[in-house]
Amino acid sequence: MTARCVRVAILGAESSGKSTLAAALAERYGTVWVPEYLREFVETQGRVPVAADQFGIARTQVEREAAAATQARNYLFCDTTPLMTAVYSRHYFAGADARLAALAAGNHYGLTLVTAPDSPWVADGLQRESEAVRQLIYRYLLDELDARGIAYHVLRDSLDARLEQAAPLLQQALAAAPAISLN
């Protein structure tokens, strides 16, 4: 018996709808999603991360992806990836350390969706800084994806519009995904 499963990276700057989109896609396609660990880190630690925390945050994200993959059906929606952690490290800490850079380079996804920062910016406690930073991070993200040669699709407008924009992309990615033996 064989199956196909596409790991879908959902990237974007703060307050751009990544988590909302990941949850909605998982619900629509009857599968699971991996929430952004950074949010949990900030809530449990009561602080924003420092440079030394970045690799651990990204590693935990990847570990949670691996655990969730066993429950995924056709798609595993990943609300952020180590690449996004590296992009934020560029902004806040003048770059990613070697371990984070290697983790970001070593994780690959079958489809990369980017949420445009076209909704109202909403403050969220310690985690979000400003509309100006959101726009800057978005630009850094697109530059990084281009520099790495990672194909991506920017989703815009409302959640419903984004779900419709994602549908054919998901279908194409699943059709192109290698079959995995379940024996």
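See the structure printed just above.
Numbering of residues starts from 1 in every chain and runs along the sequence as written. In view of the model being predicted, local features appear only for residues whose pLDDT reaches at least 70, and side-chain atom pairs are presented and counted only at 80 or more, with totals across whole chains, interfaces and linings using the full set of residues. Water and hydrogen atoms play no part in the side-chain values, which are based on all heavy atoms of the structure.

Enquirer: What's the story with the pairing of strand E2 (residues 5-12) in this structure? I'm lost.
Expert: Side-chain positions along a regular strand alternate between the two faces of the sheet. For every residue, the accessible area obtained with a 1.4 Å probe (protein chains only) is divided by the maximum for its type, and the residue is called buried under 20%, exposed over 50%, and partly exposed between those limits. The helix count covers DSSP runs of H or I at least four residues long, the strand count covers runs of E at least two residues long, and both are numbered beginning at the N terminus. Where burial is concerned, most of E2 is hidden: six out of the eight residues are buried. Two strands pair under a simple rule: DSSP has to find at least two bridges between them. Strand direction decides the pairing type here: E2 and strand E4 (residues 74-79), joined by six bridges, are parallel. Looking at E4, one finds that Arg-7 is bridged to Leu-76. Across five bridges, the pairing between E2 and strand E5 (residues 111-115) is parallel. Bridge pairing in E5 links Leu-11 to Val-114.

Enquirer: What's the story with the pattern of salt bridges in this structure? I'm lost.
Expert: In a structure, side chains of opposite charge can pair up when their charged atoms sit close to one another. Here a salt bridge means any side-chain nitrogen of Lys or Arg lying within 4 Å of a carboxyl oxygen belonging to Asp or Glu. If you walk through the whole model with that rule in mind, you get eight salt bridges. The shortest N-O distance in the salt bridge between Arg-47 and Asp-53 comes to 2.8 Å. On the basis of relative accessibility, which here comes to 31%, the residue Arg-47 falls in the partly exposed class. The residue Glu-63 makes a salt bridge to Arg-59 at a minimum N-O spacing of 3.6 Å. Within this pair, Glu-63 and its partner Arg-59 are both found in helix H3 (residues 54-69), separated by four residues, close to a single helical turn. The partly exposed category is assigned to Arg-59, whose relative accessible area is 37%.

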